[in-house]
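Architecture and fold: a report
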Amino acid sequence: MMIKLFGYKAEQLGYYTNLITSGIGLSLERLQALKKAGLKQIQLSLQSASRNLTDELVGARAHDLKLEVARMIKAEGFPMVLNVPVFRQNIDQVQEILDLAEEIGVDYLEFANIQYYNWALLNREELLPTREQITHAEK
């Protein structure tokens, strides 16, 4: 009931609703309920084009689930943003991420710089890309 009320009220107020999610716990039933409630767009995070790296960073077997959720989002007709935080371990995967985004059919691809505070600040030396990696990725 809460989803239905939220979506109805948000639409009445003229809001464009966007769900930002890791995809974990997002089922087909939840997607359909969110669509029915008026959700307009979904932004899904993906850490890497590599299964092993994504799973390592998330601390769980999440890569395949995230890709399955991405395909469900598109199958349900949602516009989708794929958000990829950029760091040393994935910056060399730009082409693979572009190819994956195209294969899924995402509407927008966002390469996001990590905000270095809290956990990321403590791990900055390990996460910050080298100047050479940045130059190569920009090409």
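Being a predicted model, the structure only gives us computed values, none of them experimental.

Quick look at the pairing of strand β3 (residues 80-86) now. Two faces make up the sheet, and in a regular strand the side chains alternate between them. For β3, a buried count of seven out of seven residues is recorded, marking the element as mostly surrounded by other parts of the structure. On β3, burial covers both faces: M80, L82, V84 and V86 on one face and V81, N83 and P85 on the other are all buried. As paired strands, strand β2 (residues 41-45) and β3 are joined by four bridges and run parallel to one another. In the sheet register, Q43 faces β3, and the bridge partner there is V81. Examined bridge by bridge, β3 and strand β4 (residues 108-113) share six bridges and lie parallel to one another.

Looking now at the layout of surface pockets. Taken as a whole, the largest pocket spans an internal volume of roughly 400 Å³. Contributing to the lining of the largest pocket are 14 residues, with P85, I114, Q115, W119 and A120 lying nearest its centre. Classifying every residue of the lining of the largest pocket gives ten nonpolar, four polar and no charged. When its volume is computed, the second largest pocket comes out at roughly 260 Å³. Every residue lining the second largest pocket is listed: V86, I91, V94, F111, N113, I114, Y116, L128, P129, I134, A137 and E138. For the lining of the second largest pocket, the elements supplying multiple residues, two or more each, are β4 and α8 (131-138). Tallied by class, residues from the lining of the second largest pocket come to ten nonpolar, one polar and one charged.

If you trace the four strands from one edge of the open sheet to the other, you get β1-β2-β3-β4, paired in parallel fashion. Of all the strands in the sheet, the pair left with one neighbour each is β1 (18-21) and β4. Averaged over all pairs of adjacent strands, the angle between their axes in this sheet comes to 20°, without regard to strand direction. Two strands pair when backbone bridges link them, and β1 and β2 are joined in this way by four bridges, in the parallel orientation. Note that in β2 the partner of T21 across the bridge is L44. In the packing of helix α4 (residues 63-75) onto the sheet, contacts are made with β2 and β3, and the angle to β2 comes to roughly 165°.

Attention shifts here to the environment of E68. Residue position: E68 is located in helix α4. In this structure E68 comes out as partly exposed when scored by relative accessible area, which is 47%. Expressed as a C-alpha distance, the spacing of E68 and Q95, which sit 27 residues apart in the sequence, is 20 Å.

Thresholds applied
- Residues numbered from 1 in each chain as written.
- Predicted model: local features only at pLDDT ≥ 70, side-chain atom pairs only at ≥ 80, totals over all residues.
- Heavy atoms only, no water.
- Buried < 20%, exposed > 50% of the residue type's maximum accessible area, 1.4 Å probe, protein only.
- Helix = DSSP H or I, 4+ residues; strand = E, 2+ residues; numbered from the N terminus.
- Pairing = 2+ DSSP bridges.
- 1 Å grid on protein atoms, 1.4 Å probe; cavity = no way out; pocket = protein on both sides within 12 Å on 5 of 7 lines; lining within 4 Å.
- Points joined across faces, edges and corners; volume = space filled by probe spheres on them.
- Nonpolar A, V, L, I, M, F, W, Y, C, P; charged D, E, K, R; others polar.
- Axes fitted to C-alpha atoms, helices over the stretch in contact; angles between N-to-C directions.
- Contact = heavy atoms within 4.5 Å.

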